[in-house]
Amino acid sequence: MAFTRATGKHRRPSRIHRTTARAAGVAALATTGVVGTLAAPALAAEPEVEQSGLTPVVTIGDSIADEIDAQATAQKQAAQDAAAREAAMEAARERAAEAAKEAREAKERAAREAERRRLNTFVAPITGSYVSTAYQAGSSLWSSGSHTGIDFHASTGTSVHAVGVGTVVETGWGGAYGNQVVIKMHDGTYTQYGHLSSIGVSVGQSVEAGQQIGLSGATGNVTGPHLHFEARTSPEYGSDMDPVAYLRSHGVNV
C-alpha cells in the first residue's frame, strides 16, 4: 500500500522547529521578566548601600535637645559661679594683704616714733636738784682758772642718772674729778659725771635717759659732796661746752 505524506497546517513540527519555538518562548519570558524572577531570585535582592564617605545626619527629638541645652546652661552658670567665687576670694585676699600691710606700716611708724622719743628724751642728772656752781665760774680751785662744767647740789649717796641715751666710754678714777663716768651720747656728744661715791656702770654698756649710773659723793678735788656735770665735744678734758645750754636744747629745764 502506498502512503502519502501529510501536508498543510496540521503537519507535525520537526525537531528543529520545536527547538526554535522553545527558544523563542524563553526569550519572550525573559522579556516580560518572568524568567528573571523565577530563575534568578538573587538578582531581585536589594542592592547594597553605597559607601559615600559622608557622615549621616542624626535627627533628635525636641525633649533631648532641650535637656542638652539645659545641661550646657547649667555648666556655664556653674563656671560663672566658680569664677565669681574665685574673684571674691582673691579680693578678700587682697584686702587682707592690704590690711596686714597697713598694720605693719602702722607698727613700724609707731616703733620709729617710739625710738625717736627715746633718743630725744633727756633728763637732769639729779632729780629735783639745782645748779650750785655755774659754768665758767672763776676760782683758784680749778687748774684752768674757770669751772669747766656745772655743779648740782647733792648729798653723798644721791642717785645720779644718765641724761640721755648713750654708751659708757670711761669709768674710774679721774684725778681732780675723783670717781667719774663719761658717756658718748647718741648724737655724738659726750657727758661727764664727777666726784661719785660709787660707780654703777661699766665701759661699753648702753644706758637710757634716767638710768642710774652711780651715786654722788665728794671724791677728788672738792670742798663738799656734789655732782660735777660736763657736756663735751669729745671725751677729753678741755672740749667742754655750756652744759646748761646743752641740757636746755634737749628740753631739760635747769
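The structure this text deals with has already been given above.
Residues numbered from 1 in each chain as written. Predicted model: local features only at pLDDT ≥ 70, side-chain atom pairs only at ≥ 80, totals over all residues. Heavy atoms only, no water.

**Student:** Looking at this structure, how should I read the nonpolar core?
**Tutor:** In globular proteins that are soluble, nonpolar side chains generally tend to be buried together. Val 181, Ile 183, Tyr 193 and Ile 213 are the most contacted members of the largest nonpolar core, which totals 25 residues. Those elements that provide at least two residues to this core are strand 2 (150-153), strand 5 (179-185), strand 6 (190-199), strand 9 (226-232) and helix 4 (243-249). (Core = buried A, V, L, I, M, F, W, Y, C linked by side-chain atoms within 4.5 Å. Buried < 20%, exposed > 50% of the residue type's maximum accessible area, 1.4 Å probe, protein only. Helix = DSSP H or I, 4+ residues; strand = E, 2+ residues; numbered from the N terminus.)

**Student:** What's the story with the packing of aromatic side chains in this structure? I'm lost.
**Tutor:** Geometrically, a pair of aromatic rings is defined through the distance of the ring centres and the angle of the planes. Scanning all chains against the criterion turns up three aromatic pairs. Note on Phe 122 and Tyr 246: the rings are 6.1 Å apart at their centroids and 80° apart in plane angle, and the pair reads as edge-to-face. Taken together, the positions of Phe 122 in the loop between helix 3 (62-120) and strand 1 (131-133) and Tyr 246 in helix 4 put the pair 124 residues apart, joining distant regions of the chain. Residue classification places Phe 122 among the buried residues on the basis of a relative accessible area of 8%. Measuring from centroid to centroid gives 6.4 Å for Phe 152 and Phe 229, while their planes differ by 70°, and the two rings are edge-to-face. (Phe/Tyr/Trp six-rings, centres within 6.5 Å; stacked < 30°, edge-to-face > 60°.)

**Student:** I would appreciate a short explanation of the pattern of salt bridges in the present structure.
**Tutor:** Two side chains carrying opposite charge are able to pair once their charged atoms lie near each other. A complete count under the given rule lists seven salt bridges for this structure. Note that Glu 208 and Arg 118 form a salt bridge whose closest N and O atoms lie 2.5 Å from each other. With a gap of 90 residues between them, Glu 208 in the loop between strand 7 (206-207) and strand 8 (212-216) and Arg 118 in helix 3 connect regions that are remote in the sequence. Residue Glu 208 is classed as partly exposed on the basis of its relative accessible area, which comes to 32%. The class for Arg 118 is partly exposed, based on a relative accessible area of 29%. One continuous salt-bridge network, built from bridges that share partners, spans Glu 86, Glu 90 and Arg 93. (Salt bridge = Lys/Arg side-chain N within 4 Å of Asp/Glu carboxyl O.)

**Student:** Sorry if this is basic, but what is going on with unusual backbone geometry here?
**Tutor:** Phi is mostly negative for residues that are not glycine, and the peptide bonds are mostly trans. The backbone of Gln 136 shows a phi angle near 65°, a positive value even though the residue is not glycine. Looking at where Gln 136 falls in the secondary structure, it is placed in the loop between strand 1 and strand 2.

**Student:** Where do I start with a negative patch on the surface in this structure?
**Tutor:** A surface patch of negative charge is lined by Glu 98, Glu 102, Glu 105 and Glu 108. Looking at Glu 108, the relative accessible area reads 38%, which means it is partly exposed. (Patch = residues over 30% accessible without salt bridge, like charges linked within 9 Å, V, L, I, M, F, W, Y side chains within 5 Å. Areas by Shrake-Rupley, 256 points an atom, 1.4 Å probe, with all protein chains shown as cover. Lys, Arg positive; Asp, Glu negative; His and termini not counted. Charge placed at Lys NZ, Arg CZ, Asp CG, Glu CD.)

This is a description of form; function is not addressed.
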